[in-house]
Amino acid sequence: MFIRRTRTNNTALKESYYTYRLVRGERIGGKVRQITVLNLGRNFSIKQEDWPLLCSRIEHLLHSQDSLFAPDCPDHIERAAQRYVGQLIARAPKQRDDTDSSGMMTSSSLPESSPVDYQEVDIHSLQLTQPRSVGVEHIGLHALTQLGLIEKLSELGLNGVIRAAIIGNIIGRMAHPASELSTWQWLQTHSALGELIDVDFAGMSHMSLYRASDALMRHRDAIEDHLFGAIQTLFDLEQTVTLYDLTNTYFEGDAAANPKAQHGRSKEKRSDCPLVTLGMVLDGSGFVRRSRTFAGNASESATLAEMLTGLNAPPGAMVIMDAGIATEANLVWLVEQGYRYLVVRRGGVRQFDDTRSVAIETAGGEIIRLQKEISEDGAEVRLYCHSIEREAKESAMMAQFSQRFEAGLQRIAEGLQKPRSEKRYDKLLERIGRLKEKSHGASQHYTVNLAMDESGKKVTALHWGKSEVPGTMATHPGVYCLRSNELTWDEEKLWRTYTMLTDLESVFRSLKSELGLRPVFHSKENRSDGHLFITVLAYQCVQVIRTTLKKAGINDSWSQLRQTLLIQRRVTTSLRRKDGRTIHLRKSTLAEPELMTIYQALQINSAPGGTRKLIS
């Protein structure tokens, strides 16, 4: 074998460049022909003086010769040789008819029996090389095919390299949640995704993954609309319920060049870092209809109109939100736009009449009591809900806050009896004010009085009394109120519909813990937005897979499914034949029972990538 450099002229771009090919000589019909074994591309970085050593090492690996006689290669030559040998084996002819369901991936049809092929080999020459994960990659490609995303990317005019990088970003986020740089390294050294879509990720620059992120952001609206339309067709969804909520995540570094990187209240207790906010609109089945990023200090209530405008929801669609977004102005806007709403009331007096309530049972066996009331103007229904478990929790919280507040007052009172303690009236009011600030509302149930000396400048005693304010957590623990302009639903339907919002909270947990939403390492706004959008796209694929599996009775979380899928590998087996030649077989390991159950539920091939055979 040898390496040939060929000059190529591109008339369209009016430029010339060199390409490199791995070539071998073969005698055909009495003449020696030079046959291209592998196209090494134009970005071939091995120095010319190292070409003979590289070719020698490639031939050695192909013929599985004794390691004692292996040429001594620098690390970069060894990595290149193993990479090119892996490509030769991966591109060898398939051993059965695997028709492609798209131009970039293997068949989703069920496996067929392979033809019989007996070979006489030396079992002591057995070598197993290049193990790569393939399970998550396989079902990730299946989800992308069902959603028609690869075809959509082609329609949007994205070239093959960018499409491959987008696929790598999304499936990398599903299998190995991390930054784009870490995903690039994973694609090169741990994943068989490149084999499944016939792409050499080892020859792809990490900048391609960043450019793929930029391309996704340019076409964000078109991609989201296409995906939700495909999901509606795939699962026959009804557009009756819309869930909306926000979460935030933090940056590593100050991200000074990103105007959205702002300090705010972190939901992950990372207020020491700048934050970015992700808002998502979901349907009742947990699929994302729209996602947007906002500044880390964005007001939740100010984002609603921007997110819902242009959704083309059917008239009278129900919007479910938490209390942070459900301002009076937002509720008025929803009514003006023809939406129904179901929200938690912000503030207000708690009340509950057990004699007028109905009881329902949750999926966890808890009893919830519900009291339905119509507002004075008849335009809204209020649903007062009482939970025994919530009552126990809030009672314990109130007892703890009250105990801390009283302990603070006691310390001030005892200090008044000491000669050098603070006794000035204004300073003691400041101390009491700080106690109230930290009391989480417990201080409203206390009356605090300060007794002054004859001069009226110093405090001589502190007295307090407790009287619980009606309609608060202290008198009605475990009670909360839902509001809706849907007047015809009964108590149970209102409550069970609102609890769909807890599914959105589980979506956020999945994005953060299972799909690598946090932290954000980018300093540029477009790149950080792209990182979050890639995670949303990965979630859509995961949701397609899990929804299909749930119909087959498989209710595992994505973390559990991923652990099962990561067991399967593609491996190259090399054996020396009796005639001295070497046979290389590359195929996936046999799917274990749990994995086979998943593949059967999805109706896809249990041997991704098929079998490749090369005799050298």
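Before any of the text, the structure's been laid out above.
Residues numbered from 1 in each chain as written. Predicted model: local features only at pLDDT ≥ 70, side-chain atom pairs only at ≥ 80, totals over all residues. Heavy atoms only, no water.

This next bit is on the overall build of the chain. Along the chain, the regular secondary structure elements total 18 helices and 18 strands. For 616 residues, the compact-globule estimate of 2.2 N^0.38 gives 25 Å, and the chain exceeds it by more than 25% at 33 Å. Considering only C-alpha atoms, the chain reaches an extent of 120 × 65 × 55 Å along its principal axes. Here the chain holds 616 residues, and 49% of them are scored as buried. Here the analysis covers contacts within the chain between residues at least 6 apart in sequence; of these, 64% occur between residues at least 24 apart. In the chain, which carries 78 positive and 73 negative side-chain charges, the distance between the mean positions of the two groups comes to 6 Å. (Helix = DSSP H or I, 4+ residues; strand = E, 2+ residues; numbered from the N terminus. Rg over C-alpha atoms; globule rule 2.2 N^0.38 Å. Buried < 20%, exposed > 50% of the residue type's maximum accessible area, 1.4 Å probe, protein only. Contact = heavy atoms within 4.5 Å. Lys, Arg positive; Asp, Glu negative; His and termini not counted. Charge placed at Lys NZ, Arg CZ, Asp CG, Glu CD.)

Further remarks concern the side chain of Arg350. Structurally, Arg350 is set in the loop between strand S9 (340-344) and strand S10 (358-361). The exposure class of Arg350 is buried, given its relative accessible area of 19%. Of note is the side chain of Arg350, whose polar atom sits 2.8 Å from the side chain of Glu394. In contact with Arg350, not counting residues within four places along its chain, are Arg345, Glu394, Gly471, Thr472, Met473, His476, Pro477, Gly478 and Val479. (Polar contact = N/O pair within 3.5 Å; in protein donor to acceptor, adjacent residues only side chain to side chain.)

Here we come to a positive patch on the surface. A contiguous patch of positive charge on the surface is contributed by Arg411, Lys427, Arg431, Arg434 and Lys438. Of the residues forming the positive patch, the biggest block, three residues, is contributed by helix H13 (residues 425-437). Inspection of the secondary structure assignment puts Arg411 in helix H12 (residues 388-415). (Patch = residues over 30% accessible without salt bridge, like charges linked within 9 Å, V, L, I, M, F, W, Y side chains within 5 Å. Areas by Shrake-Rupley, 256 points an atom, 1.4 Å probe, with all protein chains shown as cover. Salt bridge = Lys/Arg side-chain N within 4 Å of Asp/Glu carboxyl O.)

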